[in-house]
Amino acid sequence: MNISTDHNEDQPFNNKPSGGYEWWYFDAISEDREWSFVVIFYIGNPFSPEYIRDIDEKSSKPDDHPAVSVSVYNNTKTEFYGFEEYESADLEWDELGTLKIGANTFTKKVNDNELVYELHIDQQLASSHSVKGNLTFKSNKSNPSLIVNTTEGVEKHFWNLVQPKAMVEGSLKIIGKRGEHHVQFKGSGYHDHNVGLEPMKDDFIDWYWGRLHFKDSTLIYYMMNRNNEKQYQAWLISKDNQEVIDRFDAVDIEDIRSSIFGIRSGRKIILRSQHSEVTLQASSILDSGPFYQRFYSKGILKRKDKLDVAEGITEYIYPENIYNKLFWPAVKMRLRFASQKPHWVQKNKSLYEWTW
């Protein structure tokens, strides 16, 4: 894993090979913990059967498969879910820092030492669900030497922690599972950028990652079981994104459970350093699919005889199942191809909500 914290590297990666992918990830939790969301912009949607189908022939082009996913949660229950894949003509990028996919955009702005991302979200689904609104992520520019990457050899996966912690504000109009909502959002968030230069299954077996915002720090971790080694790293980062307060060098994964799709993931993670210990417990399942799980997790930080608690979003992925055609019908129920007619499940409000 090649890790950076430099916003100047947040532009699209040119000349990704067939099977390559990248995404820009944004999440946030409101101050009152009532609302949370995850928004992801993709170029080379790594979860798309349409993209995966022709990878072996090297004929799948990442730019032909842009996508946007939006998940909104109310009190840890899914209120809205949309995952739309577009055509290459629906993808635009300009050098000023705006990425547009369909009717969804984000724009990066730099004001002195302040880094700002402005998101516009607009998804209208065949099921009558919709979400539309604007969100702003503001933070200090991360120290570009915040994390010193120690990985040796040629790397084909790049992870840029652009905003370990950001203040998030905005408004969303949601027609969701429980009716219409007008949300004035204010809370804490996170933004990163991932790039892979080969299919996920060729790079790693499984991958845990997540982030929690404590009072004076942010925990970010990843645990990747790669095909030839294990990479486990976690950091406690100052709330101004300038300093690594602590680095964790020991990890235990406990409470292993199987999902209905047969993937096995740990629901409890313990991170230890010489000075600190963090216990993470997945308290609610936000999303559970054939190859991916998202959790609302609680964390307890013990440091210098003091305790701090936080809640955040954590994730797990098992990429082998992405490429298993047995699961593709389930994926196509949820993934909307904008250039095709909606799947019959997506036209039915109750059935589509059942897939969430």
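Note: the structure precedes this text.
About the criteria used
- Residues numbered from 1 in each chain as written.
- Predicted model: local features only at pLDDT ≥ 70, side-chain atom pairs only at ≥ 80, totals over all residues.
- Heavy atoms only, no water.
- 1 Å grid on protein atoms, 1.4 Å probe; cavity = no way out; pocket = protein on both sides within 12 Å on 5 of 7 lines; lining within 4 Å.
- Points joined across faces, edges and corners; volume = space filled by probe spheres on them.
- Pairing = 2+ DSSP bridges.
- Helix = DSSP H or I, 4+ residues; strand = E, 2+ residues; numbered from the N terminus.
- Axes fitted to C-alpha atoms, helices over the stretch in contact; angles between N-to-C directions.
- Nonpolar A, V, L, I, M, F, W, Y, C, P; charged D, E, K, R; others polar.
- Phe/Tyr/Trp six-rings, centres within 6.5 Å; stacked < 30°, edge-to-face > 60°.
- Buried < 20%, exposed > 50% of the residue type's maximum accessible area, 1.4 Å probe, protein only.
- Lys NZ or Arg CZ within 6 Å of the ring centre and 35° of its normal.

A.B. asks: Got a minute to help me understand empty space enclosed by the protein in this structure?
C.D. replies: Gaps left between atoms show up when a probe the size of a water molecule is rolled over them. Within this structure, the stated rule accounts for four cavities of 30 Å³ or more. In this model, the largest cavity occupies a volume close to 80 Å³. If you trace the largest cavity, you find 13 residues lining it, with Tyr221, Gly266, Ile269, Ser297 and Thr314 closest to the centre.

A.B. asks: I'm lost on the sheet that holds strand β19 (residues 276-288) in this one. Help?
C.D. replies: The strands making up a sheet are joined through hydrogen bonds of the backbone, oriented either antiparallel or parallel. Pairing in this open sheet of nine strands is antiparallel, and the strands run β16-β15-β14-β13-β21-β20-β19-β18-β17 from one edge to the other. Bordering the open sheet on either side are β16 (244-248) and β17 (250-258), each of which pairs with just one other strand. Strand-to-strand twist in this sheet, taken as the mean axis angle between neighbours without regard to direction, amounts to 20°. With twelve bridges joining them, strand β20 (residues 292-303) and strand β21 (residues 306-317) adopt antiparallel strand pairing. When the sheet's bridge partners are listed, Leu301 is paired in β21 with Asp308.

A.B. asks: Looking at this structure, how should I read the pairing of β17?
C.D. replies: The side chains of a regular strand alternate between the sheet's two faces. Examined bridge by bridge, β17 and strand β18 (residues 264-272) share eight bridges and lie antiparallel to one another. When the bridges of β18 are listed, Arg257 appears paired with Ser265. Hairpin connection, β17 to β18: the antiparallel pair is bridged by five residues, and Gly262 has positive phi, about 90°.

A.B. asks: How should the layout of surface pockets be read in this particular structure?
C.D. replies: Roughly 840 Å³ of internal volume is contained in the largest pocket. Here the lining of the largest pocket takes five residues from β19, the largest share from any one element. Class assignment for the residues of the lining of the largest pocket results in 22 nonpolar, eight polar and eight charged. Taken together, Lys215, Asp216, Ser217, Leu236, Ile245, Leu301, Arg303, Lys304, Lys306, Leu307 and Asp308 make up the lining of the second largest pocket. Listing elements by their share of the lining of the second largest pocket, those giving two or more residues are β20 and β21. Sort the elements by how many residues they give to the lining of the second largest pocket and β21 lands first, with three residues. For the lining of the second largest pocket, the per-class residue count stands at four nonpolar, one polar and six charged.

A.B. asks: Teacher, can you tell me more about the packing of aromatic side chains here?
C.D. replies: Geometrically, a pair of aromatic rings is defined through the distance of the ring centres and the angle of the planes. Under the criterion given, the structure shown has 26 aromatic pairs. Judged by centre distance (5.5 Å) and plane angle (75°), the rings of Phe204 and Trp207 are edge-to-face. There is no split in this pair, since Phe204 and Trp207 are both buried. By way of ring pairs, the aromatic residues Tyr21, Trp23, Tyr42, Phe47, Phe83, Phe204, Trp207, Trp209, Phe291 and Tyr292 are connected into one cluster. Geometry around Tyr323 places Lys201 over its ring, the cationic atom sitting 5.3 Å from the centre.

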